[in-house]
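Structure assessment
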Amino acid sequence: MKFKAVLFDLGSTLIEYENHDWPTLGKMGLVNAYPYMKKIFPELPELSQFGENFYRNLRYILDNERPGYIEIDIYNACNRIFKRMGLALKDGLVEEFVELYYKPVTEQITVIPGAVEILSKIKKSDITIGLVSNSIFPEKFHLEEMENFGLREYFDFVIFSSSVGTRKPGKDIFNMALRNARTEPSQAIYIGDKFDVDIYGAKNAGLVAVWKY
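The following paragraphs examine the structure supplied in this document. Since the structure is predicted, the reported quantities are computational estimates derived from the model, not experimental observations.

Overview of the side chain of Glu 145
Positionally, Glu 145 belongs in helix H6 (residues 139–148). It turns out Glu 145 is buried and unbridged, and the closest side chain with the opposite charge, Arg 152, is 11 Å from it. Within the local environment of Glu 145, its side chain forms a polar contact with the side chain of Tyr 17, the two groups lying 2.5 Å apart.

Put into structure tokens, the structure is as follows:
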């Protein structure tokens, strides 16, 4: 059978985001964003207390306020968190906080060796190339990263859970990709690194799954 589409995950499949572990990256992000918040809210508690409160709320939102496979993006999550902290939100505050919070993440990412070469070979075969990625962060951040590493040009379409409101391993996000690729599940390959999210999700949606580990 000739496949008509190859779909990729992003994190740890094409770009390595965890050159530091996520708890460390989170702390780095808060250290970077805290001075901005303290300037706006002088009454803010010290960094350690603010960080503990922020992460307790974020963990609760991600664990308990995403029924089924609904996605909550970081802007939405921060709005909820800051309101629960009793902070009076101002225009642009959440967006600026997220920019500062995410900066240490994007500064330490690297491209997976061979990613560009593989995409280039697939592109020459006239097969549709798509991206299906879970992320609570804005799509624009990831598109810029893909552009910087020379990946963006190979993709016919990209789908991020933060933009479409649904996430893997649910079927909806895979079905969106199939519609974009204009192909049947059996004629599409999905490549990802997380077995319980990428491989299970793709196979459950009828795609051929390839585990990158």
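Things to note about the sheet that holds strand E1 (residues 5–8)
One open sheet holds the 5 strands; their spatial order is E5-E4-E1-E6-E7, and the pairing between them is parallel. Each edge of the sheet is formed by a strand with only one pairing partner; in this case those strands are strand E5 (157–160) and strand E7 (208–211). The average undirected angle you get between the axes of adjacent strands in this sheet is 20°. When E1 meets strand E6 (residues 188–192), the two strands line up parallel, connected through 4 bridges. Residue pairing for E6: Phe 8 is matched across the bridge by Ile 191.

As for unusual backbone geometry
Note that the residue after Lys 168, namely Pro 169, is joined by a cis bond; omega there is 10°. Inspection of the secondary structure assignment puts Pro 169 in the loop between helix H7 (161–164) and helix H8 (171–181). One non-glycine residue with positive phi stands out, namely Arg 182, at about 55°. Tracing the backbone shows Arg 182 in the loop between H8 and E6. Judged by relative accessible area, which is 76%, Arg 182 ranks as exposed.

Observations regarding the nonpolar core
Ranked by internal contacts, the top residues of the largest apolar core, which has 52 residues, are Phe 8, Phe 54, Phe 82, Phe 97 and Phe 155. Per-element tally for this core: the top contributor is helix H4 (residues 93–108), with 7 residues. Those residues in contact with Phe 8, other than ones at most four positions away along the chain, are Thr 13, Leu 14, Ile 118, Leu 119, Ile 122, Ile 129, Gly 130, Leu 131, Val 132, Phe 155, Tyr 190 and Ile 191.

Some thoughts on the packing of aromatic side chains
Using the criterion set out here, one finds 15 aromatic pairs in the structure. When the centroid spacing of 5.9 Å and the interplanar angle of 55° are considered together, the rings of Phe 54 and Tyr 101 count as tilted. Of this pair, Phe 54 sits in helix H2 (residues 47–64) while Tyr 101 sits in helix H4, and the two are 47 residues apart along the sequence. Among the aromatic side chains, those forming a connected cluster through ring pairs are Tyr 34, Phe 50, Phe 54, Tyr 55, Phe 82, Phe 97, Tyr 101, Tyr 102, Phe 137 and Phe 141.

Criteria and cut-off values
Residues numbered from 1 in each chain as written. Predicted model: local features only at pLDDT ≥ 70, side-chain atom pairs only at ≥ 80, totals over all residues. Heavy atoms only, no water. Helix = DSSP H or I, 4+ residues; strand = E, 2+ residues; numbered from the N terminus. Buried < 20%, exposed > 50% of the residue type's maximum accessible area, 1.4 Å probe, protein only. Lys, Arg positive; Asp, Glu negative; His and termini not counted. Salt bridge = Lys/Arg side-chain N within 4 Å of Asp/Glu carboxyl O. Polar contact = N/O pair within 3.5 Å; in protein donor to acceptor, adjacent residues only side chain to side chain. Pairing = 2+ DSSP bridges. Axes fitted to C-alpha atoms, helices over the stretch in contact; angles between N-to-C directions. Core = buried A, V, L, I, M, F, W, Y, C linked by side-chain atoms within 4.5 Å. Contact = heavy atoms within 4.5 Å. Phe/Tyr/Trp six-rings, centres within 6.5 Å; stacked < 30°, edge-to-face > 60°.

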